[in-house]
Amino acid sequence: MALGRETAMAKSLITIDDFSIGEVNGIFALADEMSAAMPDQFGLCRGKVMASLFFEPSTRTRLSFETAMHRLGGSVITVADPKATSLAKGESLADTARVVGSYADIIVIRHPWEGAAQVVADYAGIPVINGGDGGHQHPTQTLCDLYTLKKERGPIKGLKIALWGDLKYGRTIHSLIFALAKFGADIIFCPSPGLEVPEHIIKKLVMEYGGKVEKYQAQNLAGKDVMPLDAIYTTPTSPHQLAMMPDVNVALELKGGLDALYVTRPQKERFTAAEGQQDLKKTYQVVDKKLLKGKAFQKALVMHPLPRVDELAYEMDADPRSMYFAQAARGVPVRMALLAYLLGAKNIRADSQEDKALPKPDYPVYRYESGLRCPNPICVTGQPSEVRYIRHEFKMVNFKPLTLRCIYCEHGFEPKFIASTEWHEGKLATKTYHSADSHWLKKIKAENLIIFDSVEAAQAQGFKANHLVGGGLEKK
Amino acid sequence: MALGRETAMAKSLITIDDFSIGEVNGIFALADEMSAAMPDQFGLCRGKVMASLFFEPSTRTRLSFETAMHRLGGSVITVADPKATSLAKGESLADTARVVGSYADIIVIRHPWEGAAQVVADYAGIPVINGGDGGHQHPTQTLCDLYTLKKERGPIKGLKIALWGDLKYGRTIHSLIFALAKFGADIIFCPSPGLEVPEHIIKKLVMEYGGKVEKYQAQNLAGKDVMPLDAIYTTPTSPHQLAMMPDVNVALELKGGLDALYVTRPQKERFTAAEGQQDLKKTYQVVDKKLLKGKAFQKALVMHPLPRVDELAYEMDADPRSMYFAQAARGVPVRMALLAYLLGAKNIRADSQEDKALPKPDYPVYRYESGLRCPNPICVTGQPSEVRYIRHEFKMVNFKPLTLRCIYCEHGFEPKFIASTEWHEGKLATKTYHSADSHWLKKIKAENLIIFDSVEAAQAQGFKANHLVGGGLEKK
Amino acid sequence: MALGRETAMAKSLITIDDFSIGEVNGIFALADEMSAAMPDQFGLCRGKVMASLFFEPSTRTRLSFETAMHRLGGSVITVADPKATSLAKGESLADTARVVGSYADIIVIRHPWEGAAQVVADYAGIPVINGGDGGHQHPTQTLCDLYTLKKERGPIKGLKIALWGDLKYGRTIHSLIFALAKFGADIIFCPSPGLEVPEHIIKKLVMEYGGKVEKYQAQNLAGKDVMPLDAIYTTPTSPHQLAMMPDVNVALELKGGLDALYVTRPQKERFTAAEGQQDLKKTYQVVDKKLLKGKAFQKALVMHPLPRVDELAYEMDADPRSMYFAQAARGVPVRMALLAYLLGAKNIRADSQEDKALPKPDYPVYRYESGLRCPNPICVTGQPSEVRYIRHEFKMVNFKPLTLRCIYCEHGFEPKFIASTEWHEGKLATKTYHSADSHWLKKIKAENLIIFDSVEAAQAQGFKANHLVGGGLEKK
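Residue numbers here run from 1 along each chain, matching the order of that chain's written sequence. Going through the entries in the order they are written, you letter the chains from A and number the ligands from 1. Per-residue local features of the predicted model are confined to residues with pLDDT of at least 70, and side-chain atom pairs are confined, for both listing and counting, to 80 or more; whole-chain, interface and lining totals are unaffected and use all residues. Based on all heavy atoms of the structure, the side-chain values leave hydrogens and waters out of the count.

K.L.:
Sorry if this is basic, but what is going on with the packing of helix α3 (residues 93-103) of chain B against helix α4 (residues 116-124) of chain B here?
P.N.:
How two helices sit against one another is set out by the angle between their axes and by the gap between those axes. All names here are of chain B. Axes, fitted as lines to C-alpha atoms, cover a helix only where it is in contact. Angles between the N-to-C directions of the axes lie from 0 to 180 degrees. Numbering of helices and strands runs from the N terminus; a helix is a DSSP stretch of H or I covering at least four residues, while a strand is a stretch of E covering at least two. Across the interface, α3 lies against α4 with an axial gap of 8 Å and an inter-helix angle of 50°. Classified by the interaxial angle, the pair formed by α3 and α4 is oblique. Taken as a pair, α3 and α4 cross one another with a handedness that is right-handed. Across the interface between the two elements, Leu 93, Ala 94, Ala 97, Arg 98 and Gly 101 of α3 pack against Ala 116, Val 119, Val 120, Tyr 123 and Ala 124 of α4. Split into classes, the residues belonging to the contact of α3 with α4 amount to eight nonpolar, one polar and one charged. Comment on the angle field: the value is read as roughly parallel under 35 degrees, roughly antiparallel over 145, roughly perpendicular from 65 to 115, and oblique elsewhere. By definition, turning the near helix anticlockwise from the far helix through less than a right angle yields a left-handed crossing, and turning it clockwise yields a right-handed one. The criterion used for residue contact is that any of the two residues' heavy atoms lie within 4.5 Å. All amino acids are sorted into three groups, where Ala, Val, Leu, Ile, Met, Phe, Trp, Tyr, Cys and Pro are nonpolar, Asp, Glu, Lys and Arg are charged, and the leftover types, Gly among them, are polar.

K.L.:
Whenever I open this one, the relation of the copies chain B and chain C confuses me. Can you help?
P.N.:
Turning one copy of the chain about an axis and sliding it along that axis gives the other copy, so a rotation and a shift relate them. A residue counts toward the fit only if its pLDDT is at least 70 in both copies, and the copies are then superposed by least squares on the C-alpha atoms of those residues. Superposing chain B onto chain C requires a rotation of 120° together with a translation of 0.0 Å along the rotation axis, leaving an RMSD of 0.1 Å. Both copies of the chain, as the preceding transformation shows, are related through a three-fold rotation axis. By C-alpha distance to the rotation axis, the residue of chain B lying nearest is Asp 81 of chain B, at 4.4 Å.

K.L.:
Before we go on, may I ask you to explain helix α12 (residues 331-342) of chain B in this structure?
P.N.:
Residue and element names in this part refer to chain B. To estimate the expected span of a helix, subtract one from its residue number and multiply by 1.5 Å. Here α12 is 12 residues long and its end C-alpha atoms lie 16 Å apart, about the 16 Å a rise of 1.5 Å per residue gives. Here the term buried applies to any residue with accessible area under 20% of the maximum for its type, exposed to any over 50%, and partly exposed to those in between, with areas from a 1.4 Å probe on protein chains only. With 12 of 12 residues buried, α12 is to be regarded as a mostly interior element. Within α12, burial applies to Gly 331, Val 332, Pro 333, Val 334, Arg 335, Met 336, Ala 337, Leu 338, Leu 339, Ala 340, Tyr 341 and Leu 342. At the exit of α12 stands Gly 344, carrying a positive phi of roughly 75°.

K.L.:
Is there a simple way to think about the sheet that holds strand β12 (residues 394-399) of chain C in this case?
P.N.:
Residue and element names in this part refer to chain C. Strand order in the open sheet made by the four strands is β11-β12-β13-β14, with antiparallel pairing throughout. Looking along the sheet, the strands with just one partner apiece sit at the ends: β11 (365-366) and β14 (412-413). Against the sheet, helix α7 (residues 199-209) makes contact with β12, β13 (402-406) and β14, and its axis sits at roughly 105° relative to β13, the strand it touches most. Strand pairing is assigned whenever DSSP detects at least two bridges linking the two strands.

K.L.:
Got a minute to help me understand the pattern of salt bridges in this structure?
P.N.:
The term salt bridge refers to a side-chain nitrogen of Lys or Arg lying within 4 Å of a carboxyl oxygen of Asp or Glu. Applying the stated rule across the entire model yields 69 salt bridges over all chains. The salt bridge partner of Glu 23 of chain C is Lys 11 of chain C, with a shortest N-O separation of 3.0 Å. Of this pair, Glu 23 of chain C sits in helix α1 (residues 21-36) while Lys 11 of chain C is found in the segment before α1, placing the two residues 12 residues apart along the sequence. Taking the relative accessible area as the measure of exposure, Lys 11 of chain C reaches 33% and is therefore partly exposed. Taken together, the shared-partner salt bridges in this structure form one network comprising Asp 95 and Arg 98 of chain A together with Arg 308 and Asp 317 of chain B.

K.L.:
What's the story with the interface of chain B and chain C in this structure? I'm lost.
P.N.:
Buried accessible area, meaning the area lost when the parts come together, often serves as the stated size of an interface. Listed per partner, the contact involves 32 residues of chain B and 30 residues of chain C. The interface formed by chain B and chain C holds five salt bridges in total. We note a salt bridge from Arg 71 of chain C to Asp 105 of chain B, for which the minimum N-O separation is 3.1 Å. Any pair of nitrogen or oxygen atoms within 3.5 Å is treated as a polar contact; in protein, a donor-acceptor pairing is required on top of that, and neighbouring residues in sequence qualify only through side-chain atoms on both sides. At the boundary of chain B and chain C, one finds 12 residue pairs in polar contact (both at pLDDT 80 or more). Looking at the side of chain B that touches chain C, the elements with two or more residues in it are β1 (49-54), β2 (75-79) and α3 of chain B. Among the elements that take part in the side of chain B that touches chain C, α3 of chain B stands out by supplying six residues, more than any other. Class assignment for the residues of the side of chain B that touches chain C results in 13 nonpolar, nine polar and 10 charged.

K.L.:
Looking at this structure, I do not really get the side chain of Arg 62 of chain B. What am I missing?
P.N.:
Note that Arg 62 of chain B resides in helix α2 (residues 60-71). On the accessibility criterion, Arg 62 of chain B (4% relative accessible area) is buried.

K.L.:
Explain the interface of chain A and chain C to me, please; I cannot follow it from the model alone.
P.N.:
Between chain A and chain C, the contact holds 30 residues from the first and 32 residues from the second. Using a 1.4 Å probe, buried area is obtained as the accessible area two parts lose upon being combined, added over both of them. Of the roughly 2800 Å² buried where chain A meets chain C, counting both sides, 55% is carbon and sulfur surface. For chain A, the biggest contributors to the area lost against chain C are Phe 42, Arg 71 and Tyr 314 of chain A; these three give 23% of the whole. Linking chain A with chain C are five salt bridges. At the junction of chain A and chain C, the tally comes to 12 residue pairs in polar contact (both at pLDDT 80 or more). Counting residues per element, the ones that place at least two in the side of chain A that touches chain C are α2 (60-71) and α11 (324-329) of chain A.

K.L.:
Please clarify how the packing of helix α6 (residues 171-183) of chain C against α7 of chain C should be interpreted in this entry.
P.N.:
Residues and elements named next belong to chain C. For the pair α6 and α7, interaxial distance at closest approach is 11 Å and the crossing angle is 20°. Considering their axes alone, α6 and α7 lie roughly parallel with respect to each other. The way α6 lies across α7 gives a crossing that is right-handed. When α6 is examined against α7, the residues His 174, Ile 177, Phe 178, Ala 181 and Lys 182 are found in contact with a partner set consisting of Ile 201, Lys 204, Leu 205 and Tyr 209. Partitioning the contact of α6 with α7 into residue classes produces six nonpolar, one polar and two charged.

K.L.:
What am I meant to see in the environment of Val 380 of chain B here?
P.N.:
Residues and elements named next belong to chain B. By the element assignment, Val 380 lies in the loop between β11 (365-366) and β12 (394-399). For Val 380, a relative accessible area of 0% gives the class buried. In this structure the C-alpha to C-alpha distance between Val 380 and Gln 141, which are 239 residues apart in sequence, comes to 21 Å.

K.L.:
I keep staring at the pairing of strand β9 (residues 260-263) of chain B and nothing clicks. Help me out?
P.N.:
For a regular strand, side chains alternate in direction, first toward one face of the sheet and then toward the other. All names here are of chain B. Residues Ala 260 and Tyr 262 point to one face of β9 and Leu 261 and Val 263 to the other, with burial holding for every one of them. Relative to β9, strand β5 (residues 160-165) is paired through four bridges, and the arrangement is parallel. Across the sheet, Trp 164 pairs through a bridge with Val 263, a residue of β9. The sheet contact formed by β9 and strand β10 (residues 301-303) spans three bridges and is parallel. The partner of Leu 261 across the bridge, within β10, is Val 302.

K.L.:
Any chance you could explain the relation of the copies chain A and chain C here in plain terms?
P.N.:
In screw terms, the move from chain A to chain C is a rotation of 120° and a rise of 0.0 Å along the axis, fitting with an RMSD of 0.1 Å. A distinct binding surface is used by each copy, with only 3% of the interface residues of chain A retained as interface residues in chain C.

Keep in mind these values describe shape, not function.
This is the structure in structure tokens:
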């Protein structure tokens, strides 16, 4: 299909992985420089136009981006109400991206669909910044978080950061986890019951950042004197002995003191109907003075992406450990630095030794049109207005078991059936499909692989079942 | 009534007729000049404020106007959500216009009521640009369309342009038809069934632009090898022999090749309830590669005002004939030129020989307060918030039959009854009214005419029926 | 409680009382200066950012503030739709204030809750301007009103101003009443039946501005030749003999001629359910040419804060007495002057002899946490998102009867019971409470006072009733 998708994409920030450690540090150095001489920045982006497209409620992110652009002397065009746009007439994101891309110099987008910012970046032809896409990522919030950690605690490498609350739907959490892992911090997961970190994120952590994740029974470890605990991720360069005597050492680890406690709001607007009925908010533990009297928290920064509702007590506002308003305030210089960098108004020193040490996964991409679809219901690729043009692509991130990751929303899943393009070229009799977990997976080259997620999809393309598929008898 | 309406109105753009051919060409020359040196334009409108009042959903129009103003160095105040304004408290358009007119230097308005932009222009005291008023007009879209035609095909005179899809509700279509006629293009109407060009527009075409409209039976002409066809408008300076052998020649005409195919979206948000139930979208033919393989389309530009939904296939996006994204992108320099011109920041050479050749209709205006109202239900003059002050006026565009045109929404209609102001001055006995299609019409001077649309209205003003009215026996 | 509330608050404009007479006159002189050389003001606030937070519908106020900021060369960030913000996620005003306060240089806020602007000023750390908070105040509208009076009639002292229509819910009215009193104007109250000035405002007028309020039976005084009349407030420096022969003199007073008639819209969006059913709009008298033919109105300016609906006839628009569009237009220079002053871009001469002559009430503040709450249902202090942190405080504005005034919404009320902190320190037996109107009130020092509004509240804190409370036998 002729898709008209831009071939030369502008430098964008869609997930936190789009920026190297060197780039992030460069942005931070620029933010420091700008903070120190704020009035001098006015005029830096004179004549440039930022499109601020917010298809979900926002105060903080939108207003801080707009403030940042104004402080650079640039102009802003805004969509703050999704109902007041052409999307209400059924326009696709690709069309909106192309049109706005022909007006403005840079786009900031927030959208409820996961992967939406990637689609906009694919078609806009100008730099795009993800201001939050569903439960996927919110990379500029992560920049503000890291910037605060760095300013308050120095290098992030080796810091112990506890993540607290809704680790399932908090997109700020998902961006932050990967960033902390990349920078070499240790992460302690303290989810509210039922709101644990999604499995695909844990898998990505292990596979791509090389660290180690230890899971615990919350009831064993999280005594009232410590905290609810689900898992600890430790970076490869800071080995722990947790695995040997986990129960004891975790407690020790925590008693050694956290560097920061990152609290999140229950993202109830993303809860499923079933979750809404379970009332997960009831078991959501409030972070207050009493909780933070524990030894582990003595020097811990208290962080929160805001807005807060009830999960973080107002009595903490005057506590010197509380950093959440400083986090928000730092959003302006960080976003100024980011805008100036992506608009080419400022250069940064982006080379870093640390980046060279990081693993660089280079997964093969699955593009064959076999009807395979991302199973995530809020992925951008499944929306009626987008299916008309979208190219379904998946990274093959694992072969044992076969695991695909949508290139838009980054959800991972294990498809059921496989076949080969080679076998049936003119040889109809061999046009058979197999279980994805059968020994055939090893025999088919990645570039020849055809993948199906259902019997119907395989049959629709003229494939017949291998006679062993049905009985589950295929050799593994 | 003392209405306080401004007597000296600022130069505005409400319908495409407000600009002469010379002015349009001058705007285009300025747009070319600005495109070539975009950064130099910043500062041209420094210190000027544009009010962007959008009382209907919009992305493209609003954002491109706002971008244009910013690229000129001006400022923007925006209303993007009608529910968040004083109109929600029942304020009239006239009051809004007067107040915003005392704040800003220029107003861009989009509104669901037809004629709304005219009312705003009447009261604002500053230049007003119509950004779309109901199904009436959208003149700046037309400027972008003409600009694209001119840049891609040279002079518009003599071009053959097919209009495709919803020709009933598409306001961009209505502005475009008159502009094409004025510039001397031939127009081929290809409506989706049930969405034909309204009769009052066809009439205006014939009466005011001097051209010829030939109507065809779609079933006869529109073979599968050609296209659905409703009528052809040909300009007076390019006479055709269509009328002599219509069936043959239309096909020939089309086979000769179109210069542009202008596709439109079904404006389902304007469909009547009955139309919604008929599901006019089902018979709406999609424009795709297959359709455009026809010889007639070989060199045709594919145009669309956007947003599109399903009527124009995404596979066309990479086709070199496709112009719709270029049309949108050109909205910025065209609107920059327009703003700079209306704000007096730039002059244009507006004189043109072509304008002198155009017919200049000078219709008498009917202003007598006889209770006559525009029958268009979404005309601004019939809305509860506006009837408190509005002056009902109509151009008398025809006397055989008597045809009035609302000066706001430009709907034409044929009222039923007439009388004379002369007859009853002190002579009560002769205070009678007559059928509008009777011979009395010729006997009453235009300036003495009283017009009623119902028996009740005539009686309310103390008129009695001529004894022949009831029986329909009045001499015609 | 550690609230983190800012101790050093920036100069703000929350109620009209926040500005002295000298400051108001200084603002007006600056507005004159700016009007005379509008283009020279561009650049005065270059690089400054104004946050425009409108949580209720507005055209005029928001757009005129934004225009003002743009004409000063500053930038604007806007929230125009409450549903599109983090408040929709349950964020408190204090958090919003703190975050936006760390982005912008000045905040303009409109909110449906009374006292909301005060809360924002308490936490923002930057200047805050109240753009209207429920039915409480709208001080910048008042500045525009006073500016128009001053420009059209010279000094405000001694002017006779009639206030017409909805004097109960019109927040512009409440700000205006105190301002007129402070400047020494006489006020004639002409409410629509059922929409009289609230009692707490009348009380404040008498207690704090030293004037005199005379009430009349509307049926006696307001003959059809005069106007509906409820009360007259006269300033102490312009004594009248009204009290001696009220009926006669009021008529005389009015026949002497008004300087201005200030008309207001029925604020039906604030009507209670019962008021909605009574249809107070039916008895709302329209101000039109006929009414204004009366001798009292011969030279009266006709003013209105806009938007108008039906209460002021359009036929008045062309009348030279009509000032409402001029009032609106003057909003831009007045707000420019205000912004420049609060942002420190311009100084004003704020000293005035008149201020020295004004009474300066210095009421003791009641802060004891006895569960006492402001009874106003739309006071900011009672809202679920705000009770988590708000400090309930009341000015003790009277002791006979004991009267408290909420420091946020300024509603006054008379609580039922009192006790003393002294009595029960270690002396449990004496922990009793008394009627607020008993003789005990005099015996307890203000700083020891504990106040309850219900038996339950007193009991909840361990207090028992004085044995005489129940029977209402306590000595008064």
